[in-house]
Amino acid sequence: MLTAGAVILALAFAGLYSVGVLGLLSESWTTAHWRYVLFESGVWSALGFSLALTLVTLGLATVAALATVLIVDMRVRRGPFAVLVYAPLAVPGIVAALLSYQILGDAGLLSRMAHAVGWIRSPAEFPALVFDRLGVGIILTHFAMITPFFVILFDRLFENERVAELRQLAYTLGATRMQALSRVVLPLLLVRALPVCAVYGVVLMGAFEVPLLIGARYPTMISVEIYSRFASYDLTARPQAYAMATLYLLLVLAAWSVALRWRPRPAQTPR
Amino acid sequence: MVSGVAVASAAGANAAVIRAGSTSLLCVLIAVPLVLLLLLSVTRHWSYPGLWPDALQWSQWRVMLSGDRGLLDALVSSLLIAVIVAVGATTAGFLTSQRIAGHRRRGVLLMLALLPFAISPVVLGVTLNYGFIRLQLAASLWGVILAQFLFAYAYAVLLLSGFWNTRIAALSELAESIGADRFQIWWRVRLPLAAGLLGVSLFQTFLISWFDFALARLIGAGRVQTLPLLVFDYFGSGDFRLAAACGVLLVGLPLAAVLLNRRLLAWPLTAASSRV
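Basis of the calculations
Residues numbered from 1 in each chain as written. Chains lettered and ligands numbered in written order. Predicted model: local features only at pLDDT ≥ 70, side-chain atom pairs only at ≥ 80, totals over all residues. Heavy atoms only, no water. Helix = DSSP H or I, 4+ residues; strand = E, 2+ residues; numbered from the N terminus. Buried < 20%, exposed > 50% of the residue type's maximum accessible area, 1.4 Å probe, protein only. Contact = heavy atoms within 4.5 Å. Areas by Shrake-Rupley, 256 points an atom, 1.4 Å probe, with all protein chains shown as cover. Buried area = accessible area lost by both parts, 1.4 Å probe. Salt bridge = Lys/Arg side-chain N within 4 Å of Asp/Glu carboxyl O. Polar contact = N/O pair within 3.5 Å; in protein donor to acceptor, adjacent residues only side chain to side chain. Core = buried A, V, L, I, M, F, W, Y, C linked by side-chain atoms within 4.5 Å. Domains from an automatic or database assignment. Expected span 1.5 Å × (residues − 1). Bend = angle between axes of the 7 residues up to and from the residue. pLDDT = per-residue confidence, 0-100. Axes fitted to C-alpha atoms, helices over the stretch in contact; angles between N-to-C directions. Parallel < 35°, antiparallel > 145°, perpendicular 65-115°, else oblique. Left-handed = near helix turned anticlockwise from the far one by under 90°. Phe/Tyr/Trp six-rings, centres within 6.5 Å; stacked < 30°, edge-to-face > 60°.

Draft legend 1. Just the overall build of chain B, in detail. Secondary structure summary: chain B contains 13 helices and two strands in total. Taken across its 276 residues, chain B has 49% of its residues classed as buried. If you take every contact in chain B between residues at least 6 apart in sequence, the share linking residues at least 24 apart comes to 71%. Surface accessibility of chain B: about 13,000 Å² in total, with carbon and sulfur atoms responsible for 65%.

Draft legend 2. Representation of the interface of chain A and chain B in the model. Counting residues at the interface gives 80 residues for chain A and 76 residues for chain B. Here chain A packs against chain B, burying approximately 7,100 Å² in sum over the two surfaces, 81% of which is carbon and sulfur. The three residues of chain A that bury the most area against chain B are Leu98, Arg112 and Trp256 of chain A, which together make up 10% of that side's buried surface. Counting the contacts that link chain A with chain B gives zero salt bridges. Applying the counting rule to chain A against chain B returns six residue pairs in polar contact (both at pLDDT 80 or more).

Draft legend 3. Structural view of the nonpolar core. Ranked by size, the top nonpolar core spans 155 residues in total, and within it Phe150 and Phe154 of chain A together with Trp210 of chain B carry the most contacts. Here this core spans two domains, since at least three of its residues come from each of domain 1 (2–56) and domain 2 (61–275) of chain B. Dropping the residues within four chain positions of it, phenylalanine 154 of chain A is found in contact with Thr62, Ala65, Leu66, Val69, Leu189, Leu190 and Ala193 of chain A. Ranked by size, the runner-up nonpolar core spans 13 residues in total, among them Leu159, Leu160, Phe163 and Trp164 of chain B.

Draft legend 4. Local environment of helix α7 (residues 141–160) of chain B. Its 20 residues give α7 of chain B an end-to-end C-alpha distance of 27 Å, which sits within 8% of 28 Å, the value for a rise of 1.5 Å per residue. Approximately 30 degrees is the largest bend angle found in α7 of chain B, and it occurs at phenylalanine 149 of chain B.

Draft legend 5. View of the confidence of the model for chain A. All names here are of chain A. For chain A, per-residue confidence averages 86 on the pLDDT scale, and residues scoring 70 or more make up 93% of the total. By mean pLDDT, helix α4 (residues 79–84) is the weakest element of chain A at 80, and helix α5 (residues 93–104) is the strongest at 96. Under a pLDDT of 50 for its full length, residues 266–271 has, in the predicted model, zero contacts with residues more than four places off or in other chains.

Draft legend 6. Structural context of the packing of helix α8 (residues 163–172) of chain A against helix α9 (residues 177–205) of chain A. All names here are of chain A. Their axes nearest at 9 Å, the elements α8 and α9 cross at an angle of 150 degrees. One element, α8, and the other, α9, form an angle in the roughly antiparallel class. α8 and α9 meet at a crossing whose hand is right-handed. Counted together, Val163, Leu166, Arg167, Ala170 and Tyr171 of α8 and Arg177, Ala180, Val184, Val185, Leu188 and Leu189 of α9 form the full contact between these two elements.

Draft legend 7. A look at the packing of aromatic side chains. This structure, assessed with the given rule, holds 23 aromatic pairs over all chains. Between tyrosine 17 of chain A and tyrosine 130 of chain B, the aromatic rings sit 5.6 Å apart at their centres with planes inclined by 80 degrees, giving edge-to-face as the arrangement. Here tyrosine 17 of chain A, found in helix α1 (residues 2–18), pairs with tyrosine 130 of chain B, found in helix α6 (residues 121–134), and the two come from separate chains. In this structure, tyrosine 17 of chain A and tyrosine 130 of chain B share a single accessibility class: buried. Plain terms: the ring middles of phenylalanine 230 of chain A and tyrosine 242 of chain A are 6.0 Å apart, the flat faces sit at 75 degrees to each other, and that makes the pair edge-to-face. Pair noted here: phenylalanine 230 of chain A is in helix α11 (residues 222–230) and tyrosine 242 of chain A is in helix α12 (residues 238–261), with a separation of twelve residues, a long-range link. As far as burial versus exposure is concerned, phenylalanine 230 of chain A and tyrosine 242 of chain A are alike and both buried.

This is the structure in structure tokens:
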């Protein structure tokens, strides 16, 4: 297969480069770059930071999308919202980052609104929402980008799984609103949406444009960490980028192979 | 009894008001960033703490469209790359998905096809860079096309694999039984039936290329200029008006297509919700 072959080729190139077998400045086989990456570089904090931001973003987007589908209900499918909900899907990450800077920055739209209502007197008083060490700007931008996707997904699931009818049946059998929500609606929607959420999680882990443009210098997400070493003026740092990329590739391949083994099996029909 | 009905109808009215209010708020939240992007692209001066620009002007659009800023070059190369990637990936993806659909290890093959998505464009771009340099594909248009093709092709295979069901197989067998050869089965039976889905695949693979930043930057190495790279360059140099103008061009085309035909983006979601 072409795509799997390209990934294996990429892994081979990166692995050989990281141990000094390939590369313009390589002299001989060495494990120095791997030792640096594993014990001294910021690769583990970058991986942890990426994972944390991914989980927070996915969690917030799931809650917001579920709330939207449950509150707005049928309006997801008609009226202006039915059209507008697709609009964010046509915005690429690079433009989303530009807009986030213009909205969340210390001289951005929110800061101007806060000034207009008298909450702040200068841009310096506005809390740092971009280039911040907690990654708030990155989370909010990714949240705005993926929540409409989740709204459409949950709405389709709501319809295809006949959740409204099942909820009504639960009411008829004496369930309260909270019981119908927690025991019928949420389990049905969340279980069915899990594979798509997992794929989105992997995509968010490797996000690049948004953290590159509005993320802090430290901590950074793993893609930015790899890229900054790769694009560094110091060419001796390039094998470290390849070692990090190899490590990331191996981790993802391991997760992917686990996902391959753990594919949901079709439900058994009772005899 | 009457008061019970009145309470129920008041609760219903409250719920309707909450629904209408929430919907309006969400519409505003979605529309504001898009309006801001458009506004920034025609802003002359916007001083703090003004909520509205001090002055508007069209000159950045005139400057950009005159070709002085290399925007036309970037627009043309973005379009060229995206069209080649979309047509190539959809054609190859259609043929590959048919072979995968008939394979007994269909699920495993699909997971392998999707592998590039798991790795992220920037990591694959960095790791494949050495190979592209050796093959003299780095810093070239064809190098960027090939790199983007890997992702677009993987997506097309996944998207189009949903087409090959028992009905298509039965119709192909029927055509064969009345004397159609392989070419006629593809041309007269499968292609017309898949036309709608192929359109969705063309649009979505076009978007994968149109929106790509990481591969164009890493493999293009500054020699291949595309619209996302221009947005990044203007952003980095602090010229947000020109960045916004490029952003409008970047968003305008897919936005217009999606608003005219939501199916172009909704189809994979509908498929995912019924298949998962």
